[in-house]
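# Observations on the three-dimensional arrangement
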Amino acid sequence: WLKKSSDQGNFMAMFELYKLYRNTEDDNSLIDYDQAKEWLIKAADAGLAEAQYILGTNYEVYDEHVHVLVSNLSNDISYPLKITKDLEKAQLYYTLSAKQGNKKAMYRLGMLYKTKDSSMENQMKAFKLLSASKEIDDPLLWLNLGYLYKEGIDGQENVQKCTVCFKNARHLGEFELAETNYNTGEN
């Protein structure tokens, strides 16, 4: 029924087929990563925001759940779908997903802009996207947002806002928080 519904253009059915072929739990005998990749691409191209986000993470070779576990594997191929790294495609799929309100896609798109180059245009895009996705509460998001405030991305160096960001970055922001407090004479 999923296949039949997918053939009729139902992107939710396409996404369920992706999950079915990718599922490694419950003694799943249907694991087929080539099929999973095919259905994920179809669901993303059909307009499903979550599929677009996941496909973007594959093109970026970024895995929010097991990134540390696969760090010893190739940095140019996502696993297990074996999608070759392509940051332009990652940006495209993140953009499509972000336009539908997906906060995780906004966050990853913001990080792409933050690291792309230091042009003011890209840093402003990063700032807007990271600010819009703050509810994700990722320490790395807060750290980078703090750096943007510290660099004066909103027109002036905003010590109070960068301090809040570095506090929210928890362990990642400890040094920057101490440095900011030392430079401003605060305790």
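For the structure, check the block above.
## Some points on the environment of isoleucine 83
Looking at the secondary structure, you find isoleucine 83 in the loop between α4 (49-60) and α5 (87-99). The spacing of isoleucine 83 and lysine 37 is 46 residues in sequence and 8.2 Å in space, taken between C-alpha atoms. Residues in contact with isoleucine 83, not counting those within four places in the same chain, are Lys37, Leu55, Asn58, Tyr59, Val61, Asp76, Ile77 and Ser78.

## Points about the packing of aromatic side chains
The final tally for this structure, using the stated rule, is 5 aromatic pairs. Each ring, one from tyrosine 53 and one from tyrosine 94, has its centre 6.1 Å from the other, and the planes form 35°; the classification is tilted. You can see tyrosine 53 sitting in helix α4 and its partner tyrosine 94 sitting in helix α5, a full 41 residues away along the chain. Residue tyrosine 53 is classed as buried on the basis of its relative accessible area of 4%. Its guanidinium or amino end placed over the ring of tyrosine 107, arginine 108 lies 5.3 Å from that ring's centre, counting from NZ or CZ.

## Comments concerning unusual backbone geometry
With an omega dihedral of 5°, the bond running from tyrosine 79 to proline 80 counts as a cis peptide bond. Assignment of secondary structure puts proline 80 in the loop between α4 and α5. In this structure, valine 61 is a non-glycine residue whose phi angle is positive, near 60°. Among the structural elements, valine 61 can be located in the loop between α4 and α5. Judged by its relative accessible area of 17%, valine 61 falls in the buried class.

## Let's talk about the side chain of asparagine 144
Considering the arrangement of structural elements, one finds asparagine 144 in helix α8 (residues 139-150). Those residues in contact with asparagine 144, other than ones at most four positions away along the chain, are Met111, Lys114 and Leu130.

## Thoughts on helix α3 (residues 33-45)
Taking 1.5 Å of rise per residue, the 13 residues of α3 would be expected to cover 18 Å, and the 18 Å separating its terminal C-alpha atoms lies within 8% of that figure. Those residues of α3 that sit buried are Ala36, Trp39, Leu40, Ala43 and Ala44. Across the axial projection of α3, the buried residues extend over an arc of 135°, all falling on one side. Away from its buried face, by an angle of more than 90 degrees, α3 presents the exposed residues Asp34 and Asp45. On its buried face, α3 is in contact with α1 (2-7), α2 (11-22), α4 and α5. Residue aspartate 32 occupies the N-cap position of α3, its side-chain oxygen lying 3.1 Å from the main-chain nitrogen of aspartate 34. With its phi angle positive at about 110°, glycine 47 sits one or two positions after the end of α3.

Calculation rules
Residues numbered from 1 in each chain as written. Predicted model: local features only at pLDDT ≥ 70, side-chain atom pairs only at ≥ 80, totals over all residues. Heavy atoms only, no water. Helix = DSSP H or I, 4+ residues; strand = E, 2+ residues; numbered from the N terminus. Contact = heavy atoms within 4.5 Å. Phe/Tyr/Trp six-rings, centres within 6.5 Å; stacked < 30°, edge-to-face > 60°. Buried < 20%, exposed > 50% of the residue type's maximum accessible area, 1.4 Å probe, protein only. Lys NZ or Arg CZ within 6 Å of the ring centre and 35° of its normal. Expected span 1.5 Å × (residues − 1). Arc of directions from axis to C-beta. Polar contact = N/O pair within 3.5 Å; in protein donor to acceptor, adjacent residues only side chain to side chain.

Any functional reading would require information that these geometric values do not contain.
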